[in-house]
Structure formats: C-alpha cells, structure tokens
Amino acid sequence: MTHDTLTTPEGRQIAYHLTAGQGPTIVFLGGFKSDMGGTKAIYLEDWCKSQNRAFLRFDYSGHGDSSGAFTDGAIGDWFADAQAAVGLIEGPLVLVGSSMGGWISLLLSRAIPDRIAGLVTIAAAPDFTEDSMWANATPAQRDDLATKGQIALPSDYGDPYIITRRLIEDGRNHLVLRDPLPLPFPTRFLQGTADADVDQAVALRLLDHATGPDMTLTLVKGADHRFSDPICLDLITTAITDVLNATSG
C-alpha cells in the first residue's frame, strides 16, 4: 500500500496515512514493534471515513515502512516521531494509544495539552521499559545489557524482542508514573482482564496516578492484549465517540 512520508527534525523518514475529514483529528499510536497496518489502525481508519472524521496513522522509526532499524530506537525517538506526525495536523487531536502507544500518547498529552481534545488508551503500557523489562530482568540479563548492550526476550508475536541498553536507559528519561500526570480532557482507558502482556494492575495504577476532570477505566473480562475482536473494536469506537461528545458538549 502506498503511503506519504515526512522527515523529522532528526532526519528520520516517517511513513503515514492522513485521511481528510472534520476535526478533532483521531490519531492512532501503535504499540512496540507493531505497525500502522494492524487490525485496530485499519478498523479505525475505515470507521473515521464512514464518519467523515479526520484520521492519522503512522509508523515510528524502525517500525513498518518508516526508516531505521528497530534496535536503534528508543522511547524518546518514537515520542519525537509522534510529535512530528501530529505536527502535520492543524487543530485539536483525539489520541488513541495502544500498548506502548498509550505511553507515547501520555507523553504527548504532557507535552502539548492545549492541543489534546481527548484521550483513549488500549492496554496502555506506560513506563514498561522500567517496570516490566528492567524490573523482571534476571541478574544475568542485567549483566548482558551492561556488557553486551542487548538481550533477547521471547515474544508471543513472532521473533524474539531484542532489548537494548539504550532502550532501558532512554526510557528512564520519559517515565510518566513518577511525576504528576494531569490529563485535563476527557480520558478513557480500556484494558482486558486476560492481557498477558500488560496486567490490569497497570491500568489501575494509571487511573490512580493521573488526574483529570473526566476519566474512566473500562475492564473487559477475557479480552487479551490485542484487543481486536469485534466487541473490543466496537468498544474503542464507543470510547472515541464518548470523548468527542464530551468535548463538544
């Protein structure tokens, strides 16, 4: 499929699809090692087209059709990519962040709160490099990170994840659960109870930590991390509609 490309201030080539329509623009932020061709991104694009709603999906550097190697990237890079991508758009945004994209959406919310009309997260994984990868690393793995610069972790989605020392160290510069996290706009967190990658305790911690006037968490019994079956996809668009209605109201 053809795509447009933008060049970030750092010189990275970011592939994206921007659908014209009325605002606020819905922006989908994908997960760790995922791409903009996934089920949720395409479903939301089709839904936005049916609603005449502006929509943006894109690939972080080292992901999908964008430039760079995945193992060269880190949270700060992908956050900067997201900042460049939303810079394509004028006007307010509704961010929809999935897994790592939930973390990136929280960083955007903190950086440009005046542009954010609403936020929906799906199995958000804020601070996962520290609270999951580093916290669960064995002494031998921590030693390998220090001496070899990387380790391999098994993945349910294909090849093992190569985790670099830079990913861990850079992640510490972008943590969102250690300092105040105001979300001064309608916010909807979605989380499956059968998620083997992001425990529902993370969603509860995020809900407890963040502050805002209109914030809810929906737990979906039996839903896994993909959150991509018809019921879950419908819940995502329901949450977006709820945010849009709250914003316009």
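Shown above is the structure to which this text applies.
I will try to describe carefully the structure that is included in this document. (Residues numbered from 1 in each chain as written. Predicted model: local features only at pLDDT ≥ 70, side-chain atom pairs only at ≥ 80, totals over all residues. Heavy atoms only, no water.)

1. Regarding the sheet that holds strand E2 (residues 13-19)
Across the sheet, eight strands lie side by side as E1-E2-E4-E3-E5-E6-E9-E10; this open sheet has mixed pairing. Every other strand in the sheet has two partners, leaving strand E1 (4-7) and strand E10 (215-220) as the edge strands with one partner each. This sheet shows a mean twist of 20° between the axes of neighbouring strands, independent of strand direction. The sheet contact formed by strand E6 (residues 116-122) and strand E9 (residues 187-192) spans four bridges and is parallel. Along E9, the bridge assignment pairs leucine 119 with threonine 187. With respect to the sheet, helix H7 (residues 200-209) is in contact with E9 and E10, its orientation differing from that of E10 by roughly 170°. (Pairing = 2+ DSSP bridges. Helix = DSSP H or I, 4+ residues; strand = E, 2+ residues; numbered from the N terminus. Axes fitted to C-alpha atoms, helices over the stretch in contact; angles between N-to-C directions. Contact = heavy atoms within 4.5 Å.)

2. With respect to the packing of aromatic side chains
Each aromatic ring pair is summarised here by two numbers: the centre-to-centre distance and the angle between the ring planes. Here the structure, examined in full by the defined rule, presents eight aromatic pairs. Judged by centre distance (6.4 Å) and plane angle (45°), the ring pair of tyrosine 60 and tryptophan 78 falls under tilted. Pair noted here: tyrosine 60 is in the loop between strand E4 (53-58) and helix H2 (75-86) and tryptophan 78 is in helix H2, with a separation of 18 residues, a long-range link. With respect to burial, tyrosine 60 and tryptophan 78 carry one shared label: buried. Consider the rings of phenylalanine 70 and tryptophan 78, whose centres lie 5.8 Å apart with planes at 15°: the pair is stacked. Across the pair, exposure class does not vary: phenylalanine 70 and tryptophan 78 are buried alike. In textbook terms, an aromatic cluster arises when at least three aromatic residues are bridged by ring pairs, as seen for Phe32, Phe58, Tyr60, Phe70, Trp78, Trp103, Phe128 and Tyr161. Cation over ring: lysine 33 sits above phenylalanine 70, and NZ or CZ is 5.3 Å from the ring centre. Geometry around tryptophan 134 places arginine 172 over its ring, the cationic atom sitting 4.8 Å from the centre. (Phe/Tyr/Trp six-rings, centres within 6.5 Å; stacked < 30°, edge-to-face > 60°. Buried < 20%, exposed > 50% of the residue type's maximum accessible area, 1.4 Å probe, protein only. Lys NZ or Arg CZ within 6 Å of the ring centre and 35° of its normal.)

3. Things to note about the pairing of E1
As defined by bridge partners, E1 adjoins E2 across four bridges and the pair is classed as antiparallel. Across the sheet, the residue bridging to leucine 6 is isoleucine 14, located in E2. Counting the residues in the hairpin turn of E1 and E2 gives five residues, including glycine 11, whose phi is positive at 90°.

4. Quick notes on the pattern of salt bridges
A complete count under the given rule lists 12 salt bridges for this structure. Note that glutamate 10 is salt-bridged to arginine 12, the shortest N-O span being 3.5 Å. A salt bridge links glutamate 45 to arginine 57, with the nearest nitrogen and oxygen atoms 2.9 Å apart. Here the residue glutamate 45 occupies a position in helix H1 (residues 39-50), and arginine 57 occupies one in strand E4, the gap between them amounting to 12 residues. Taking relative accessible area as the criterion, glutamate 45 reaches 7% and is therefore assigned buried. (Salt bridge = Lys/Arg side-chain N within 4 Å of Asp/Glu carboxyl O.)

5. Here's the deal with the environment of methionine 215
Tracing the backbone through its elements, the reader meets methionine 215 in strand E10. Spatially, the C-alpha atoms of methionine 215 and phenylalanine 189 are 7.8 Å apart, while their sequence positions differ by 26 residues. Excluding anything up to four places from it in sequence, methionine 215 contacts Leu183, Thr187, Arg188, Phe189, Leu207 and Ala210.

Honestly, that's just the spatial picture; any functional story needs more than this.
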